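Each chain, letter by letter, is given below.
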Amino acid sequence: MSKYITLKVKEVVKETADAITLHFKQPLFRKIKYKPGQFLTLIVPVNGQSQRRSYSLCSSPSTDDTLAVTVKRVKGGSVSNYLNDNIQEGDKIDLMEPMGSFTPPEAAKNLVLFGAGSGITPLMSVIKTALVADASRQVTLVYANTHENSIIFKKQIAEFESKYSGRFKVLHILSQPQSPNWGNGLRGRLEASRTEEILQHCPDLKNLSNYFMLCGPQGFMVEAENIVRGLGFDNERIIKESFYQENGGAALSSAEIIERTIKVLLGGQTYELAVAPSKSVLDAALDKNLDMPYSCQSGLCTACRGLCKSGKVKMDTSDGLSDKELSEGYVLTCQAHPLTDDVVIDMN
Ligand SMILES: Cc1cc2nc3c(=O)[nH]c(=O)nc-3n(C[C@H](O)[C@H](O)[C@H](O)COP(=O)(O)OP(=O)(O)OC[C@H]3O[C@@H](n4cnc5c(N)ncnc54)[C@H](O)[C@@H]3O)c2cc1C
Ligand code: FES
């Protein structure tokens, strides 16, 4: 299970008008290990309430001394605005150790990354690691933003483009470029109907050994996935990370879902929990003050993953889990409702 830690903010860097990067000091004696593409769960007191949110690491374990996350404001959002408005150098933040599986496979030598807006954050970690730590890797980045000034890591990406010119290609797409002279890529939105146009800029997209990583808003992800599938690549070559589910993940309504008592194995103890039909297994456990691992509570981050050792559960959404995890019996407790009376979920 992931552990809680408290880290000190070493530096706060303003990336754009609405995004900051928080650089955390690594602990002196037990450095925190992570893989490119993983995220931290920040536990932040907003208006007297402790709130958890996931933020992808944009730092690379191969190149950076600090652990860094970039937080972009969401309109009306409690934690993203709190962090942008309040956090300063020297502050301490509680968090959970790195988690997540949005990491390129070892075998992936040609990486094609589709990112939009704050979706660049895990991709930045992947880019730095691939370019600096493994000279055999090629990286193409297709990066969509609103305008020139909303491009997070603009300068760093340009520096990498010139330093690794044979191995790193970038195609910027701006929906509303401000400069009439902007000619550094495409105008408009990423759309599958523009595949030919995109291929003119990035012919390497067709390379049969490509692996694709996608991170951005829902509409962008759908178009990017359609492009990749249209080029003939399947699930095995597509790795996705979603930050937000626009429809909120439709809750199940089923006659099968009634109040049932289940067992949860956590920290070497067995707990009996009554799960009401309106609640998930995670909700019921938190109501009992169990110290369950969790972060997004919307089926995206997999922090709440447990192994269903007996019985049957139904999930509102299981998109965050791979086919392999599902076949092995893993469930997302924030999405799970027991369907039988013999459910045992192992969180250890
Ligand atoms: C695995 C993972 C990694 C993530 N990495 C990053 C990252 O690196 N950088 C980053 O800035 N964010 C990241 N996020 C999103 C982040 O966790 C928060 O969801 C985001 O900061 C909004 O939180 P909030 O408290 O400000 O908004 P909330 O108070 O939770 O929500 C306010 C309103 O905004 C809507 N909303 C919430 N999130 C979004 C969104 N992302 N886009 C549009 N509308 C939204 C909600 O439906 C609600 O109506 C990540 C999420 C996940 C699951
Ligand atoms: S808490 Fe994020 S998937 Fe359940």
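Refer to the structure above for everything that follows.
Since the model is a prediction, treat every value here as computed from it, not as a measurement.

### A word on the side chain of Glu-148
Checked against the element boundaries, Glu-148 lands in the loop between strand 8 (138-145) and helix 3 (154-163). Polar side-chain contacts of Glu-148 include one of 2.8 Å to the backbone nitrogen of Gln-178.

### Here we look at the packing of aromatic side chains
The geometry of two aromatic rings is summed up by the distance between their centres and the angle between their planes. Counted according to the given criterion, the structure contains two aromatic pairs. Relative to Tyr-164, the ring of Phe-160 has its centre 5.9 Å away and its plane inclined at 50 degrees; by these criteria the two rings are tilted. Given a relative accessible area of 12%, Phe-160 falls into the buried group. Sitting over the face of the ring of Tyr-211, Arg-237 holds its NZ or CZ atom 4.6 Å from the ring centroid. The side chain of Arg-305 reaches across the aromatic face of Tyr-330, ending 3.8 Å from its centre.

### Notes on the site of ligand 1
Taken together, 21 residues are adjacent to ligand 1, and Arg-53, Ser-54, Tyr-55, Ser-80 and Tyr-244 come closest. In this structure, an oxygen atom belonging to ligand 1 sits 2.7 Å away from a side-chain N or O atom of Tyr-55. Protein contact buries 76% of the 910 Å² of open area that ligand 1 shows by itself. Put simply, the parts of the chain that give the shell around ligand 1 at least two residues each are strand 4 (49-56), strand 5 (67-72) and helix 1 (78-86). No other element matches the four residues that strand 4 contributes to the shell around ligand 1. Partitioning the shell around ligand 1 into residue classes produces eight nonpolar, 10 polar and three charged. Domain assignment of the residues forming the shell around ligand 1 places at least three in each of domain 1 (4-98) and domain 2 (110-241).

### Details of unusual backbone geometry
Even without a glycine there, the phi angle at Gln-297 is positive, about 55 degrees. Following the sequence through the fold, Gln-297 ends up in the loop between helix 6 (281-287) and strand 15 (305-310). You can call Gln-297 partly exposed: its relative accessible area is 40%. Not every positive phi belongs to a glycine, and Thr-302 is a case in point at roughly 70 degrees.

The rules behind these values
Residues numbered from 1 in each chain as written. Chains lettered and ligands numbered in written order. Predicted model: local features only at pLDDT ≥ 70, side-chain atom pairs only at ≥ 80, totals over all residues. Heavy atoms only, no water. Helix = DSSP H or I, 4+ residues; strand = E, 2+ residues; numbered from the N terminus. Polar contact = N/O pair within 3.5 Å; in protein donor to acceptor, adjacent residues only side chain to side chain. Phe/Tyr/Trp six-rings, centres within 6.5 Å; stacked < 30°, edge-to-face > 60°. Buried < 20%, exposed > 50% of the residue type's maximum accessible area, 1.4 Å probe, protein only. Lys NZ or Arg CZ within 6 Å of the ring centre and 35° of its normal. Near = heavy atom within 4 Å. Areas by Shrake-Rupley, 256 points an atom, 1.4 Å probe, with all protein chains shown as cover. Nonpolar A, V, L, I, M, F, W, Y, C, P; charged D, E, K, R; others polar. Domains from an automatic or database assignment.

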